[in-house]
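# Commentary on secondary and tertiary structure
Spelled out, the chains give:
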Amino acid sequence: MKIHFVEVISEGYAYGPAFVTIPELILEDKKINVDKEIQKLEMALKQAAHDVVKHSTYEYFDIQNMMINDPILKKDAVEIIKKEKKNAATALSEALDKYKENLLKSNSKYLQERVYDLEDVKRRIILILLNKKNNFPKTPFVLVCDELMPSIFLENKENILGVVAKKAGMTSHGAILARGAGIPFVVCNNINLKNGEDIIIDTRRKALFEEPEESYILEISHLMNKNTDFEVKKYKEFNLLVNVFDNQEVKKAANLDVDGIGLYRTEFVFMHENRPMTYDEQQKIYKEAITLMNGKPVCFRTFDIGDDKQVAYIKAHHKGFLNYVNNPTIFETQIKALLASNVNGNLKIMFPMVETIDEFKYLKNWVLRIKKEMNNDKPILIGMMLETKKALISIDEFKEVDFISIGTNDLTQELFQIRRDEQSSKITAYVDDLLKALKKVVDFAKENKIYLSICGELASIPTISKAFMQLGIRNFSVSLSAFRDLNETVYEFNEKQD
Ligand code: PEP
Ligand code: MG
């Protein structure tokens, strides 16, 4: 049995065969034929460009197409083959990594965000070069990847037992999805797992095991099947809600008797298909969620596309306001489907990445106009996520919002220039500054009787959620897997108060 120590991103246990998305590139000792490798590279680039164009004509794929056809990329890879005598796959991988470094160094957020496209491009071309199929298994497996792309997770969610990545942060969307679905997710850098080999993830031991022993497999299989239900302790002053991204999670939340859904990330609903979701499709999903929650508040965030969350049919250079203005039909279809699902009058609609009160008013009035046109008289609440620096600075102007939910994932990124995939290791350095900055938001909400909650990942870390409680925050929304700890933290906080 071989053991590797790991960083834990999402807790749990998994046992199953590894599926490696990008096979490790093993440098062969044997001499390569330079001309042949260059030829192979050219053919793979052509094939990848062809595949991308075949898939779609949308802009998302245009960007990938541009990357594949970039003459600098090809020139760099060819040079590595010629000078360093490396095979085409290794040369291309190294050339793309250089490309990636440059993107990350850029001052443009748009360019930085293209790293996710680059990862996808890398995977495609390398699989072609290694003559491997792009298909994910149709039976359960442990996903082994460089970084967890949300789209890959969603496409294979039913079969993913656990995830091992080379890189991830607590607030990357891959991490958020895995935690929401209760799937263990670990980061392990220097490991070379083989496709098909059986491995164990055991986050209790912060470890990953190769060639596990029979008795250990039995122990882990037992833990994997253990019932994780528990009785939620209720506190009058507190609302404990959950963040979800699909209705399977809503079902689990309803069974747990939580106080409501504090954040439904609807962009993941949009990722089900490679085309805009129709009104009927969306309405079915939203109505089911609302019905499942049986009168408790359900807060849907309008689609928050951009960054590592991309869909082929929406032009999303940045997350936020412009996505709605630039895609009015998609926005209106979503709002109509949400309003029509409001059977109990407990619908909350929340806009992400709001920067100014004018943006908020514009979107709110748009929703109200649609509501009027539909002759819909059910009550709704319209609020915003507080997750941009601009909104934080001008928070006193936001008196018109029905509620505010603090998104610490984006907010900390904006305030302290920390990338989402780095956050976990840097939390302690900035948390005091964040608390100081949020004090005025708590005071503002109190003064104006605005419901204030927190739905970013920091609320899942007990020591930090306790600090938010001390600051006066009483409404928390966390992923399902963090709910038990949150409930425990509230219990401890209340014990101390008594
Ligand atoms: C946040 O930014 O804190 C948040 C909850 O939204 P997301 O993680 O989906 O960007
Ligand atoms: Mg956010």
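Because the structure is predicted, anything quoted here is derived from the model rather than measured. (Residues numbered from 1 in each chain as written. Chains lettered and ligands numbered in written order. Predicted model: local features only at pLDDT ≥ 70, side-chain atom pairs only at ≥ 80, totals over all residues. Heavy atoms only, no water.)

Within the protein, the magnesium ion (ligand 2) binds to Glu387 (OE) and Asp410 (OD); these donor distances fall in the range 2.0 to 2.1 Å. Placement of Glu387 in the loop between strand E13 (380-386) and helix H16 (389-393) and of Asp410 in helix H17 (residues 408-416) is noted, with a sequence separation of 23 residues between them. In terms of burial, Glu387 and Asp410 fall into one category: buried. (Donors = N, O, S within 2.8 Å, 3.2 Å for Na, K, Ca; no water. Helix = DSSP H or I, 4+ residues; strand = E, 2+ residues; numbered from the N terminus. Buried < 20%, exposed > 50% of the residue type's maximum accessible area, 1.4 Å probe, protein only.)

On to H17, then. Of all the nine residues making up H17, seven are buried; the element is thus mostly covered by neighbouring parts of the structure. Buried within H17 are the following residues: Thr408, Asn409, Asp410, Leu411, Thr412, Gln413 and Leu415. Among the residues trailing H17, Gln417 stands out with phi positive, at a value near 50°.

Nonpolar side chains in soluble globular proteins tend to be buried together. In terms of nonpolar packing, the biggest core is built from 115 residues, with Leu143, Phe153, Phe398, Phe468 and Phe476 touching the most fellow members. Among the elements that take part in this core, helix H18 (residues 423-447) stands out by supplying nine residues, more than any other. Not counting the four nearest positions on each side in its chain, Phe153 is found in contact with Leu148, Ile160, Leu177, Ala178, Ala181, Ile183 and Phe245. Core analysis: the second largest hydrophobic core is formed by 31 residues, Ala44, Leu73, Ala91 and Ile126 among them. (Core = buried A, V, L, I, M, F, W, Y, C linked by side-chain atoms within 4.5 Å. Contact = heavy atoms within 4.5 Å.)

With that out of the way, let us pick up the sheet that holds strand E10 (residues 261-265). Strands sit in the order E9-E10-E11-E12-E13-E14-E15-E16 around a closed barrel of eight strands; the barrel is parallel. Across this sheet, the average inter-strand angle for adjacent strands is 25°, counted without regard to direction. Two strands pair when backbone bridges link them, and strand E11 (residues 298-301) and strand E12 (residues 347-351) are joined in this way by four bridges, in the parallel orientation. In the sheet register, Arg301 faces E12, and the bridge partner there is Met350. Helix H14 (residues 328-340) contacts E11, E12 and E13 of the sheet and is inclined by roughly 160° relative to E12. (Pairing = 2+ DSSP bridges. Axes fitted to C-alpha atoms, helices over the stretch in contact; angles between N-to-C directions.)

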